[in-house]
Structures are given as C-alpha cells and as structure tokens.
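For reference, the chains in residue letters:
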Amino acid sequence: MTRNPSTHGPDIAVLGSGASGTHGLLRILTRLTDRESSVDDVIRIAVIDRDHQFHSGIPYGHRSGRSSLLISALESFLPDRERREFISWLEDRREEMLDWASDGQTPDSPLAAAMERDWILRHEDEVRDGRWDELYLPRRLYGQYLSELVEHAVEAARGLVEVDFVHADVNEVIGDGGGGVHLRERGSDGRVQFELHAHSVLLAIGSPPVRDLDVSSAPILAGPNTGAAGQSSIDDLLGMGLVTDIHTPEIEHVIEKITVRLESLPVEKRTILLIGGNADALEFLLASHRLRQDTGTRLFVLSSRGRPHYWHHDRQGERASTPILDRLFETAEAGAPLRARDLHEAVRAELTAALTHGNVNSTIAALIAAVGSSLRYMNDFELYSMATDHGVAISDLLRRAGGDSLDFLTDGIADGTITCIPGRFREAHVREDMLFATVDQLPGVTPASGTVTSHDEASGGPGRGYAVIVNGTGFERVTDTRSPLLRQMLGSGTVRASASRTGLALNEKFQAAPGIFVLGPLIAGHHGGGSAYWHIESVARIIQLADAVAERLVTEAISKRSIRQGLLTP
C-alpha cells in the first residue's frame, strides 16, 4: 500500500475497495489479461480506499466484528460458480476450524481474526459434514477470501498490469473536460493532501452513510467520514450511550465502550433501545449477545410494527401461496403489459395474507423469485417505475432474515430479556445520565404477535430512560447525504442523482459522467436493456453487474491508451 503513487496518471482508478470495488477490480484484471490489444506498455491501475484494510469494505473487514455473520445463507449469497470456489476455500480450512473447536487452542493464523470459536461450536456438525450452503458464515471469512483472490489475480496479471493500492480519503472528483478525472483529498483547511489524475474511474464507494438520529444535547461530530480528529467526538457519544453507527469506528470498539457504560450503571438502569429492523440491527443484536448476558441488560427493539415480520424462523411444513400474483402473471403471459404498480399491490396483498396464514417466509421466497422474473413482462416505462419507485417499496416488503441472530432473538423474547415495541422514532434527548426517546405510534398499524404495545415501554416511561440508544435505521438517500464526496460531486454538477434519489443517474454504459463508471449500491435507480436496478447491495447482484461494467470500462481504457500512444508516435 502506498500513500502517493507514481506521478504518472493511471489508466484506471478504482475508488473504493469493498465488495463492489474488489469484484470490479477482479473483473477488470480478467478482461485485461484475457483480451489482446495494441497497447505496448503495461496498464496501470490505482485502487484507492480511505480505510487501512483493502478488499473488504465495512461488511467483510475489521469494522464488522468477528461475531458478525452474512445476512443470508451461503446458498443465496453467491452465484453458483463463485459459491463453489468459495466452498473449496472453506474446505481447506475445515480441519483447522474443527481442531479449534475441540481443543480450544486459538489458531496462529488469519482464521482467529475472522471468526469466533463459539460460532464453530454452534455449527460443528454442519462444518464437519461440509453443509456450508445452509450456514450464515462469519463475514470476515469472505473478506479474507476476497483478499486472497486479489493477491492471486494481481500476480497472474504481472507484466501486463501494474496495480498500486493507495490509502487516501478522496472527497473531490472532477472531470478534466477530456474524459479523464481528477481525484483529490482536501483537508479541513482546504489544502490538497492527495491528488491523482486517472484516465478512467470505477466509482465503487458503497452506500451513503447511515441516517442520522435527532438527539438534543449531543456533541457535534466531525462528519460521517470521521478520522482521528473526530474520534474524540465519537467516543463522547458512545460514552453517553448513543450509537449513531455500529461500524464507526468498528463494532468491537462500540461494544467495548457501551459495556463500560452499562457496567457503570446500576442493574435496573441497564437498558438498550435498538431503533430499526434492518441488517445492522440484527448484526448489533448478535454482537451484543454476550455483553447483555454478562451485564444483565434488557434490549428493546423499536420498529413500525414491533417485531418485524421477517424476524421469524420458517414454520415447519409451511408452503408458499401466491394466488393473486399467479393471476397477474397469467394475464401478462396472455399479452397484457405488466404494470409496476399492479405488481407492488399484488406483493403487498400476498404478504398481508401470508401474515394471517403463518406462511410468511416461504411466501417471501416465492415472491422474490417472481419479482425477478416479472421484468420481462414490462415495457420501458414500467421498468423505469420499478427502478425509481415500486422496486424499492417491494424490496422493503420482502426483506429476509435468518440464522444465529434469530435464534438469539427468539430465546431473548422467550426469557424476557428482549422486548419488541411498535412505533417510529422521532427524537431523543439527554436527561441526567440517561437517554429518553420520543416515539410516534403509526395509525392503522397492527402490532406483530409477541409485541408489547404499552406506550410506557415504547417511550421508556416517565421515570426510566435508556442507558444506550442504537441506530439501526438504514442508509441516507443520495440527495440527503452527509458524505463529503457525494455532496461535492452532486454540488459541482459532476454527477446527478437518479430519479429514485438512492443512486446516481447513469447512461447505458453505467457511466455517471465521462470517464466515471459506477458499480455497487450507487447503481440504484438505473434501468436499461430490459433490466431495472433498485437495490444493489447483495454480493450476488454486484458480481453479475461487474462483468458488464468492467467490459465497458476496459474497452474505454484501452481505447484511450491507444489514442495517446498514437499521438505520441512520430
């Protein structure tokens, strides 16, 4: 890793080294080594990330804890070919896992940094039998796997491609007017601390920051990309019990700080309010399991209906039933155009019926498959509607969860240490040594089964606040973001937000501007070529798109290099 690469601008800069940037880099390397071109010199690539760890991003690296798991079982996490290769990698480490489980001796290898022994003990039978597909694996294992893939790919491309890994917090991206791009990091004083000119850029910075919580009497943070200067502010918030982002600076640091806070309070005050029901909320529920047991802490989970409908295990023998959607598809097969609005209404009706009949999980699985196949019945306008509006709403309805997190949730509800409450968080305020939340009850919402509906429970009661409040509310929209880089790019007119406001406006080549290609969550809101993209956070989806984006980027990069060589030839 270097801070300042060669002064000569690289052919390609990959901005962001999480799952999107890494899979983009892997496909770019494959394309460059497989194709023949007239380029005489090696192609130069710079991979830039603000974090010290490459090839992992937030989900698969140090900012997620060793207890953090994939949000889906392996069978649906990766496409078939990639899954087989990952399983082969896991098989090579199976005996090391089993030895750790049996003798308790922490291995002197990267394995110990990627997972906890407790996970192996919970799933020893599946590991021993090689039943990887059904497991929710420790996330960091996939980060280690990606790192090894990149190492091998860079070595295989040696002589044809040169790759620099650069540590910089780029917060300014501006086109040069000729198809190239300037990337800069400016300090708080406005001075340029890092600068690079690239002929083509893959923008793979992941999702915007998580939504902010409205909290009075809280110290002001330095910003969403908090570095050393803002660390004291983050710790001030954690010290008062406010977790604005479970991954800032990393989840294990968050758990350590709130453990100290909880232990400083009497047992009757040791309470946590977890706001939201997304993947971050489940990750915190799992990561905090041991500290809640050790400190006698009660956890309250606040979401619109109380316990989210997807926070349930499959019921034995449940079977999907989608008669409304089946009729809609029959009509489409007969030649009637399928409208995005009609699909949305059918999905909502099927889910409502499934909640009544108790076959939610199997029905959601069937609906997800149906929504994916529905696009072939839609014209361009309806695809646009899916990408910008109805697809996002459908995804919100069809969230899925499973694995160890739900096991701990179910046990906690049964023993009274976890309570689900309905409502929407409005704001919190600090009073003495506790945090108090204001919660709005949503009209017309029927609380889920097993949910406590007392307003005193939801608001903390007049005499009791929460020792800790945890933000699990999801990501900001691009147009509302506090990300300095996205704000600069949008404010300068370098890029535009998509109509859904969840991503960037792109052309048919997945370009947001001349020389700037996009891969990952910022594709959301794009449609074209018979497809619509409204939620691009799953690794399987990123891998599928990486081929198309890399092909277009490599074609442009080689063309630009050939033109430059032609201009330099006497």
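Refer to the structure presented above.
Residues numbered from 1 in each chain as written. Predicted model: local features only at pLDDT ≥ 70, side-chain atom pairs only at ≥ 80, totals over all residues. Heavy atoms only, no water.

S.K.: I keep staring at the overall build of the protein and nothing clicks. Help me out?
M.R.: Scanning the protein from N- to C-terminus turns up 20 helices and 19 strands. Relative to the 2.2 N^0.38 estimate, which gives 25 Å for 570 residues, the radius of gyration of the protein is 24 Å and therefore close to what a compact globule would have. Overall size of the protein, expressed as C-alpha extent along the three principal axes, is 80 × 60 × 50 Å. In the protein, of all internal contacts separated by at least 6 residues, the share reaching a separation of at least 24 is 73%. Of the roughly 25100 Å² of accessible surface on the protein, 48% is carried by carbon and sulfur atoms. (Helix = DSSP H or I, 4+ residues; strand = E, 2+ residues; numbered from the N terminus. Rg over C-alpha atoms; globule rule 2.2 N^0.38 Å. Contact = heavy atoms within 4.5 Å. Areas by Shrake-Rupley, 256 points an atom, 1.4 Å probe, with all protein chains shown as cover.)

S.K.: Mind showing me how you'd approach the sheet that holds strand S12 (residues 418-422) here?
M.R.: Picture the strands of a sheet paired through backbone hydrogen bonds; they go either parallel or antiparallel. Spatial ordering of the open sheet is given by S9-S15-S10-S11-S12, a layout of 5 strands whose pairing is parallel. The strands lining the two open edges of the sheet, one partner per strand, are strand S9 (242-243) and S12. Of the strand pairs in this sheet, strand S11 (residues 298-303) and S12 are connected by 5 bridges, and their pairing is parallel. Paired with Ser303 across the bridge in S12 is Pro422. Here helix H10 (residues 251-263) sits on the sheet and contacts S9, strand S10 (271-275) and strand S15 (468-471); the angle it forms with S15, its principal contact strand, is near 160 degrees. (Pairing = 2+ DSSP bridges. Axes fitted to C-alpha atoms, helices over the stretch in contact; angles between N-to-C directions.)

S.K.: Help me understand the nonpolar core in this model?
M.R.: The nonpolar side chains of a soluble globular protein tend to be buried, and buried together. Ranked by size, the top nonpolar core spans 67 residues in total, and within it Tyr142 and Trp311 carry the most contacts. Looking at this core element by element, the count peaks at 6 residues for helix H11 (residues 279-287). Ile28, Ile45, Leu485 and Ala512 belong to the second-largest nonpolar core, a separate cluster that totals 62 residues. (Core = buried A, V, L, I, M, F, W, Y, C linked by side-chain atoms within 4.5 Å. Buried < 20%, exposed > 50% of the residue type's maximum accessible area, 1.4 Å probe, protein only.)

S.K.: When you look at helix H3 (residues 80-91) in this model, what are you seeing that I'm missing?
M.R.: The α-helix advances 3.6 residues per turn, and as a result positions three or four apart in sequence lie on the same side. Under the 1.5 Å per step criterion, the end-to-end length of H3 is 16 Å for 12 residues, consistent within 8% with the ideal 16 Å. Of the positions making up H3, those classed as buried are Glu82, Arg83, Phe86, Ile87, Trp89 and Leu90. Within H3, the buried residues cover an arc of 155 degrees as seen down the axis, which keeps them to one side. (Expected span 1.5 Å × (residues − 1). Arc of directions from axis to C-beta.)

S.K.: Help me understand the sheet that holds strand S4 (residues 172-175), please; the structure alone is not making it clear to me.
M.R.: With antiparallel pairing, 3 strands are arranged side by side in an open sheet as S4-S5-S6. Only two strands of the sheet have a single partner each, and these edge strands are S4 and strand S6 (192-198). Neighbour-to-neighbour, the strand axes of this sheet turn through a mean angle of 20 degrees, independent of strand direction.

S.K.: For this particular structure, what's the right way to read the pattern of salt bridges?
M.R.: One side chain can pair with another of opposite charge once the charged atoms of both are near each other. A full pass over the atoms with the stated rule returns 35 salt bridges. Asp547 is the partner of Arg27 in a salt bridge, and the nearest nitrogen-oxygen pair spans 3.1 Å. Here Arg27 is found in helix H1 (residues 19-34), whereas its partner Asp547 is found in helix H20 (residues 539-568), with 520 residues between them in sequence. Measuring nitrogen to oxygen at the nearest pair gives 3.7 Å for the salt bridge that ties Asp547 to Arg31. Note that Asp547 is positioned in helix H20 and Arg31 in helix H1, a separation of 516 residues in sequence. Owing to a relative accessible area of 28%, Arg31 belongs among the partly exposed residues under this scheme. What you see here is one network of salt bridges that share partners, running through Arg27, Arg31, Arg81, Glu82, Glu85, Asp547 and Glu551. (Salt bridge = Lys/Arg side-chain N within 4 Å of Asp/Glu carboxyl O.)

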